[in-house]
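Fold and contact review
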Amino acid sequence: GGTARVTATVRGRGLRPRGRGAALTGEGEIDVAKGETGGMSPLILRRVSDDAVNGRRPVTVEAIEQGVVELIADPAPELRVGLGNRKLAFDIADGVITMRPFTLSTPEGRATNRTTIELARLKIDSEWKLEEQLEKPGSKPAVPGTKTLAALPPITIVFVGPLSSLGALEPVVSVDSLVRELSVRRIERDVEELERLRRVDEERAKIEAERRAAAAAAAAIQSAAPA
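Under the defined criterion, the tally for this structure stands at 1 aromatic pair. Between Phe102 and Trp128 the ring centres are 6.0 Å apart and the planes differ by 90°, which places this aromatic pair in the edge-to-face class. Residue Phe102 is located in strand 5 (residues 102–106), and its partner Trp128 is located in strand 7 (residues 123–132); the two are separated by 26 residues in the primary sequence. The two residues Phe102 and Trp128 agree in class, both being buried.

This is the structure in structure tokens:
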């Protein structure tokens, strides 16, 4: 969302327009006004991880990738990230536009983008890296009922294909490190849940024993009373 104005200074020679595009060099910038992007919020990390750790989603590469892809396509306002008003610089060399990396910060973390565009074939390669914000000591844990944990491993989301089909490109997601961490957290949570259930059973057994002892004492008193 938003508007963008592109300006560039380029140089190049070629016998044909396509050949000239492949030889262009220069630089420029994209002046973004009230910009925002959907599906690139670090909140994706938190949501897909909560589902996995709490048993609502299998802790497998395929399941986590699918969860990330679903959240990228989710139009929910909280998953949109604001670019605001900013200038995004780029360089052109040997017919390739290289965007200078930029970072978008949110309360949940940050999203960093690296993009290149090949002018000869008008092909874009755009990579987003989503990182969770480190939790401060004493802050509320990401997963309710557990201890405060370190930040989750980052994930990468890549869009590759024709520039003309940018809005329809399927994301390629890399979540291997995240899955390994979630597997550990899932095991830890299962152990904590078993321990909680054990304590509940012990407390229930204690209450039942006390109830039976009180009932037996009451029966003894009643039987000892004169008719």
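Past the structure itself, the notes keep going.
So, about the packing of helix 2 (residues 43–53) against helix 4 (residues 176–224). The N-to-C vectors of helix 2 and helix 4 enclose an angle of 45°; their axes lie 9 Å apart at closest approach. Taken together, helix 2 and helix 4 sit at an angle that is classed as oblique. When the axes of helix 2 and helix 4 are compared, the crossing they make is right-handed. Residues Leu45, Val48, Ser49, Ala52 and Val53 of helix 2 form the contact with helix 4, whose participating residues are Leu178, Leu182, Arg185, Arg186 and Arg189. Its residues assigned to classes, the contact of helix 2 with helix 4 shows 6 nonpolar, 1 polar and 3 charged.

The subject of this paragraph is the pattern of salt bridges. Tallied over the entire structure, the rule returns 20 salt bridges. The salt bridge partner of Arg198 is Glu195, with a shortest N-O separation of 2.3 Å. Here Glu195 and Arg198 lie together in helix 4, a separation of 3 residues that amounts to about one turn. The exposure class of Arg198 is partly exposed, given its relative accessible area of 37%.

Let us look at the pairing of strand 2 (residues 25–38). Of the pairings in the sheet, the one linking strand 1 (residues 3–11) to strand 2 comprises 9 bridges and is antiparallel in character. Looking at strand 2, one finds that Val6 is bridged to Ile30. As paired elements, strand 2 and strand 3 (residues 80–93) share 11 bridges and run antiparallel to each other. Note on strand 3: the bridge partner recorded for Thr37 is Val81.

Topologically, Thr115 is positioned in strand 6 (residues 109–118). There is a polar contact of 2.8 Å between the side chain of Thr115 and the side chain of Asn113. A distance of 2.8 Å separates a polar atom in the side chain of Thr115 from a polar atom in the side chain of Ser126. Those residues in contact with Thr115 that lie beyond four places of it in its chain are Ile97, Thr98, Met99, Ile124, Asp125 and Ser126.

Before going further, it helps to examine unusual backbone geometry. Backbone geometry at Asp94 places phi at a positive 55°, although glycine is not the residue there. With respect to the helices, strands and loops of the structure, Asp94 is situated in the loop between strand 3 and strand 4 (96–99). Even without glycine at this site, Leu122 takes up a positive phi of about 50°. Topologically, Leu122 is positioned in the loop between strand 6 and strand 7.

Buried together is how nonpolar side chains tend to be arranged in soluble globular proteins. Grouped together as the largest cluster of nonpolar side chains are 40 residues, with contacts concentrated most on Ile64, Val68, Trp128, Ile155, Ile157 and Leu178. With 6 residues, helix 2 is the single largest residue contributor to this core. When sequence neighbours within four positions are dropped, the list of residues in contact with Leu178 reads Leu45, Val48, Ser49, Ile64, Leu152, Pro153 and Ile155.

Scoring rules and cut-offs
- For every chain, the first residue of the written sequence is number 1, and numbering continues from 1 along that sequence.
- Thresholds applied to this predicted model are a pLDDT of at least 70 for local features of residues and 80 or more for the giving and counting of side-chain atom pairs; totals over whole chains, interfaces and linings are not thresholded and use all residues.
- Only hydrogens and water are removed before side-chain values are computed, so all heavy atoms of the structure are retained for them.
- Aromatic pairing here means that ring centres of Phe, Tyr or Trp (its six-membered ring) are within 6.5 Å. Orientation follows from the plane angle: under 30 degrees is stacked, over 60 is edge-to-face, and everything else is tilted.
- Helical segments are the DSSP runs of H or I of at least four residues, strand segments are the runs of E of at least two, and each set is numbered from the N terminus.
- Relative accessibility under 20% of the residue-type maximum defines a buried residue, over 50% an exposed one, and the middle range a partly exposed one, all with a 1.4 Å probe and only protein chains included.
- Note on geometry: axes are lines fitted to C-alpha atoms, helical ones only across the stretch in contact, with angles between N-to-C directions running from 0 to 180 degrees.
- Just so you know how the angles are binned, under 35 degrees is roughly parallel, over 145 roughly antiparallel, 65 to 115 roughly perpendicular, and the rest oblique.
- Here a crossing is called left-handed whenever its near helix is offset anticlockwise from the far helix by less than a right angle, and right-handed whenever the offset is clockwise.
- It only takes one pair of heavy atoms within 4.5 Å for two residues to be counted as in contact.
- Under the scheme applied, nonpolar residues are Ala, Val, Leu, Ile, Met, Phe, Trp, Tyr, Cys and Pro; charged residues are Asp, Glu, Lys and Arg; polar residues are all the others, including Gly.
- The working definition used for a salt bridge is a side-chain nitrogen of Lys or Arg within 4 Å of a carboxyl oxygen of Asp or Glu.
- Here, strands pair whenever DSSP counts at least two bridges between them.
- In the analysis that follows, any N or O atom pair within 3.5 Å is treated as a polar contact, provided that within protein one partner can donate a hydrogen and the other can accept it, and provided that, for residues neighboring in sequence, both atoms belong to side chains.
- Nonpolar core, defined: a set of buried Ala, Val, Leu, Ile, Met, Phe, Trp, Tyr and Cys residues in which side-chain atoms within 4.5 Å join the residues together.

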